[in-house]
Amino acid sequence: MTTTATSTTSRSAAAPAVEIHDLHKSFGTVRALDGLDLTVGTGQVAGFLGPNGAGKSTAIRVLLGLLRSDSGSVRLLGGDPWRDAVALHRRLAYVPGDVSLWPNLTGGEAIDYLARLRGRPDKRRKAELLERFELDPTKKARTYSKGNRQKVALVAAFVSQVDLLVLDEPTSGLDPLMEAVFTEQLREAKAAGTSVLLSSHILSEVEKVCDTVTIIRAGRAVESGTLDALRHLTRSSVTAVVEGDPSAIAAMPGVHDLATTADGEGTRVTFDVDNTEMGRVLPAVGALGVRSFTAQPPSLEELFMRHYGDELAADGVPVRGDGAGADPARSGAGAR
Amino acid sequence: MSAVTAAPAQVPAAARGGGTLTGTGSLMRFVLRRDRVRLAVWAGSVVLFYAYFTFALDTVFADPAAQQGRAAVMETPAGIVMGGPGYGIDDYTTGVAIANEGITWMVMALAIMSILHVVRHTRAEEESSRSELVRAAVVGRHAPATAAFATLVLAQAVIALLGALVMVGVGEDMGLVDSLGVTVGSGLSALVFGAVAVVFCQLMEHGRGATGASLAVFGLAFVVRAAGDMRELGGSTLSWFSPLAWAQQMRSFVDLRWWPALLSVAAIGLLLWLGAVLASRRDFGGGMIASRGGRADARPMLRGPVALAWLQQRGPLVWSCLGLGLMWYATGTLMPEIGTMIGDLVTENPAAGQIFGDDPSVLGVTFLGVMLLFAALCCAGYAVVVGARPKGEESEGRVELALSTPVSRSRWLGSNLAVAVAGTVVLLAVSVYGMWLGAVSVGWDDQAFGAYSQALVTYLPAVLIFSALTAALFAWAPRATGIAWALVAYTFVVGMFGDVFDLPQWAFRLSPFDWVPAPFTADVDWAHVGGLCAVALVLFVLAFVGFRRRDIATR
């Protein structure tokens with residue numbers, strides 16, 4: 001434990017946990033990665049967002065030394081992921097999005113096998129994790145459901161004390177209760193100084209735990225930074241009930257998707273507004289006689305929609321509902 | 001039940017049957033649609049085997065002397081185990097031979113088909129929860145199992161009919177009624193094992209458990225029949241406890257009687273009734289026998305890829321050793337009779353002469369050489385199967401998880417190949433020494449233990465070439481790993497029929513086994529053995545080089 005901590009701190013000055021620059025990888029004529037940049041600072045939890053097929057898993061497999069990069073530089077824990085694979089893998093744990101286990105081993109055996117390869121597993125920690133994830137370790141792997149196979153890989157990853165967790169859509173197949181357990185484990189790992197790369201297309205999951213976010217699309221990062229920095233770029237959702245006629249607001253610069261419905265004696269108005277224009281829009285709304293007012297910071301769903309909205313629209317998915325906020329975005333992203 | 005008594009206007013039986021069997025018709029069509037290729041391949045293969053068996057016996061064992069030679073072999077213990085009770089052994093014509101020897105193998109093939117079919121469409125469906133969707137529709141509780149068994153009966157009927165027609169068509173002197181006796185008897189006997197599978201599908205929670213238990217029942221039936229028939233010609237009381245005997249005791253082509261088939265029909269009815277009773281008492285997805293939990297913690301030995309590879313491969317290895325070992329042991333026990341039989345064969349049939357040679361003094365040894373070739377080919381097949389395990393691990397997505405641990409690619413591949421190669425060596429040794437043990441146990445000691453050992457050592461590098469080729473293909477062209485099977489097939493054809501077809505020299509030289517010194521006869525050319533070793537080594541090295549540099553395939 002102590003050695004891990006020291007090595008982590010000494011590393012933090014030296015190099016980020018993951019540093020990818022201008023990474024290219026093609027499979028035949030398909031360009032999976034097209035100049036990807038991605039950094040995970042030591043001790044940070046980095047979200048890696050994008051729809052299926054954007055190149056998230058390809059990037060992760062390059063990081064694990066399973067795929068060889070065509071060009072670009074990739075550093076993992078200060079080493080080369082292809083050349084130094086074995087030494088680096090001692091210090092990381094990986095959870096794939098679709099876990100396939102050895103059919104004649106039980107879940108408990110698979111966990112022990114993976115953990116023993118990385119070092120001495122802690123029996124108490126294993127028992128604790130099994131209890132928290134509510135996993136029966138005595139069943140043969142072939143009889144596990146998808147969610148339970150996922151839990152096996154998660155327990156195997158969290159049971160080892162590592163410097164870096166590489167998680168590729170790790171919660172697919174888990175119910176919300178187990179997702180909460182996962183989030184809690186991730187926070188504990190972060191508190192212990194572990195760096196995390198968490199790929200996902202479930203945005204709320206990333207929002208809950210990540211310090212930084214990289215949004216990837218068609219093999220390259222389209223946006224990256226801390227959550228706060230990214231929010232700065234976007235809009236807020238406003239819902240208000242006013243007495244006057246709000247139609248003039250629709251014409252104001254920075255206001256989008258305005259919709260009105262009758263609400264008792266007043267009018268319910270919903271719209272999005274660029275954060276930079278908020279100062280001018282607020283007084284105009286106030287002048288209409290406000291009965292109620294809510295403004296929400298943009299969720300990651302909305303960030304996501306900004307970058308994939310055109311794609312979704314082309315597929316016939318409604319990009320923006322009638323003011324229902326993130327719900328259509330969520331279902332649109334989920335359906336992809 | 002209470003609903004039925006409360007509604008006296010309904011006919012109770014019809015109401016109950018209609019309720020639990022609703023939808024059987026559509027499910028049957030669905031099964032046939034889903035398995036049209038699978039069933040067609042099974043049916044085609046079995047019918048083809050009927051044709052091949054008839055044709056081969058008619059051509060190779062054409063005259064009475066050769067037939068009596070074969071009959072003599074069938075009277076030995078090994079002949080009885082691998083054959084039948086021995087009806088009509090005095091006049092061993094093609095039909096009699098098929099009824100005596102063929103039924104055992106036909107029932108085996110058809111029983112395996114029946115068991116797999118039933119489990120696939122009942123318990124395996126339930127396990128994968130596909131059946132949940134179906135059962136939620138307007139489908140009765142017993143409909144899936146009924147549809148599975150009904151389609152099986154249909155398939156067996158088609159096979160029996162076509163099989164009989166093919167025997168009559170191909171054979172020179174085969175009666176339709178006796179041919180039907182063989183095929184229908186075999187089909188009914190196989191259906192008994194299908195019905196056994198229906199029962200086990202109610203008892204066991206998992207498809208694999210049901211398949212295993214049903215196959216074990218077949219194994220028991222095989223042993224009981226063999227033990228019973230060993231006691232006296234025509235079988236003893238013990239024989240009658242095995243469904244296999246119910247087909248053989250019909251005495252087709254000797255003195256055909258149909259009533260033993262009724263035993264099969266009765267057993268099928270009884271087992272299906274039992275299955276229905278059990279099915280009515282259990283929950284969907286549940287079994288009568290709870291599945292056993294495994295260990296929560298891995299045993300201490302499981303701490304590296306070698307240990308894992310061993311855990312994965314030991315099952316196939318143990319069963320292959322047991323099965324092939326017993327088979328080659330039995331072959332060894334045939335040695336005293338075989339010299340005589342082949343002697344008769346060769347004098348009458350030039351084609352057989354080209355396979356076994358025509359020097360009567362060494363016929364036994366030549367036969368043993370051919371058997372060794374077969375044994376080595378089986379081991380080559382095993383080498384390809386276990387050599388392709390890394391490919392399976394990759395396409396199942398497990399290699400990704402394995403290589404994300406501190407295990408290098410070379411160590412991972414090396415571990416898998418080391419266990420595969422060790423298993424292949426053990427299997428070859430078990431096969432060769434099994435033959436030796438069989439021959440010695442009946443007092444045939446023309447060849448010493450050392451001669452067998454020498455054959456083992458000289459065949460080993462040739463067999464390992466198959467492992468190495470599979471590994472190299474996996475490393476450089478994973479999708480082409482199956483090409484290794486082409487080499488197995490090629491080696492078989494060249495080894496068995498190269499002389500018959502009069503192939504050119506280079507065609508012989510492409511077969512790894514052609515470089516193996518002929519066992520028991522020639523002096524060993526160690527340069528050839530060394531060359532085989534070198535080829536295997538180069539292929540293994542290529543495998544490691546290739547696997548270290550390529551991308552891991554992802555799903």
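Residues numbered from 1 in each chain as written. Chains lettered and ligands numbered in written order. Predicted model: local features only at pLDDT ≥ 70, side-chain atom pairs only at ≥ 80, totals over all residues.

Caption draft 1: Looking closely at the packing of helix α10 (residues 143–170) of chain B against helix α11 (residues 176–203) of chain B. Residue and element names in this part refer to chain B. Orientation of α10 relative to α11, taken along the N-to-C sense of each, is 160°, at an axis distance of 8 Å. One way to sum up the angle between α10 and α11 is to call them roughly antiparallel. For the crossing formed where α10 meets α11, the hand is right-handed. Between α10 and α11, the residues in contact are Ala 145, Phe 149, Leu 152, Val 153, Gln 156, Ile 159, Ala 160, Gly 163, Ala 164, Met 167 and Val 168 and Leu 176, Ser 179, Leu 180, Thr 183, Val 184, Gly 187, Ala 190, Leu 191, Gly 194 and Val 198, respectively. A class-by-class count of the residues in the contact of α10 with α11 yields 15 nonpolar, six polar and no charged. (Axes fitted to C-alpha atoms, helices over the stretch in contact; angles between N-to-C directions. Helix = DSSP H or I, 4+ residues; strand = E, 2+ residues; numbered from the N terminus. Parallel < 35°, antiparallel > 145°, perpendicular 65-115°, else oblique. Left-handed = near helix turned anticlockwise from the far one by under 90°. Contact = placed C-beta atoms within 7 Å. Nonpolar A, V, L, I, M, F, W, Y, C, P; charged D, E, K, R; others polar.)

Caption draft 2: Region of interest: the confidence of the model for chain A. All names here are of chain A. Overall, the predicted model of chain A reaches an average pLDDT of 83, with 83% of residues at or above 70. Confidence scores differ between elements of chain A, with helix α12 (residues 327–335) showing the lowest mean pLDDT of 35 and strand β6 (residues 164–168) the highest of 95. Taken together, the stretch residues 317–336 has pLDDT below 50 and engages in 31 contacts with residues farther than four places along the chain or on a different chain. (pLDDT = per-residue confidence, 0-100.)

Caption draft 3: Main features of the domain arrangement of chain B. Residues and elements named next belong to chain B. Entries for chain B in the domain assignment read domain 1 (17–281) and domain 2 (313–549). Taking only C-alpha atoms into account, the centre of domain 1 sits 32 Å from that of domain 2. Residue-level contacts link 13 residues of domain 1 with 12 residues of domain 2. When residues of the side of domain 1 that touches domain 2 are assigned to their parent elements, the largest contribution, six residues, is made by helix α5 (residues 64–74). Looking at the side of domain 1 that touches domain 2 residue by residue, the class counts come to nine nonpolar, two polar and two charged. (Domains from an automatic or database assignment.)

Caption draft 4: Structural detail: the interface of chain A and chain B. Each partner contributes residues to the interface: chain A has 31 residues there, and chain B has 27 residues. Secondary-structure elements contributing two or more residues to the side of chain A that touches chain B are α2 (56–63), α3 (85–89) and α4 (107–118) of chain A. Considering every element that reaches the side of chain A that touches chain B, the biggest residue donor is α4(A), with eight residues. Considering only residue class, the side of chain A that touches chain B consists of 13 nonpolar, eight polar and 10 charged.

Caption draft 5: Molecular detail of the sheet that holds strand β12 (residues 266–274) of chain A. All names here are of chain A. In space, the four strands of this open sheet follow the order β11-β12-β10-β13, with antiparallel pairing throughout. In this open sheet, the two strands that pair with only one neighbour each are β11 (255–263) and β13 (290–296). Here the strands of the sheet are splayed against their neighbours by 15° on average, with no regard to which way each runs. Judged from the seven bridges that link them, β11 and β12 form a sheet pairing that is antiparallel. If you follow His 256 over to β12, its bridge partner there is Asp 272. Relative to the sheet, helix α10 (residues 278–286) contacts β10 (235–242), β11, β12 and β13, its axis offset from that of β10 by approximately 10°. (Pairing = 2+ DSSP bridges.)

Caption draft 6: Looking closely at the pairing of β12(A). When β10(A) meets β12(A), the two strands line up antiparallel, connected through eight bridges. Bridge pairing in β12(A) places Thr239(A) opposite Thr270(A).

Caption draft 7: Structural view of the nonpolar core. Residues Val155(A), Ala376(B) and Val463(B) are the most contacted members of the largest nonpolar core, which totals 225 residues. Considering every element that reaches this core, the biggest residue donor is helix α22 (residues 449–476) of chain B, with 17 residues. Look past the residues within four positions of Val155(A) in its chain and what remains in contact with it is Ile111(A), Lys126(A), Leu129(A), Leu130(A), Phe133(A) and Leu135(A). Grouped together as the second largest cluster of nonpolar side chains are 11 residues, Val238(A), Val241(A), Ile249(A) and Val269(A) included. (Core = buried A, V, L, I, M, F, W, Y, C linked by C-beta atoms within 7 Å. Buried ≥ 20, exposed ≤ 12 C-beta atoms within 10 Å, placed from the backbone.)

Caption draft 8: Up close: the sheet that holds strand β9 (residues 220–226) of chain A. All names here are of chain A. Read from one edge of the open sheet, six strands run β5-β6-β7-β3-β8-β9, paired in mixed fashion. In this open sheet, the two edge strands, each paired with only one partner strand, are β5 (92–95) and β9. Strand-to-strand twist across the sheet, computed as the mean angle between neighbouring axes with direction ignored, equals 15°. Of the strand pairs in this sheet, β5 and β6 are connected by four bridges, and their pairing is parallel. Looking across to β6, one finds that Leu 92 is bridged to Leu 164. Running at roughly 170° to β5, helix α6 (residues 146–159) makes contact with β5 and β6 of the sheet.

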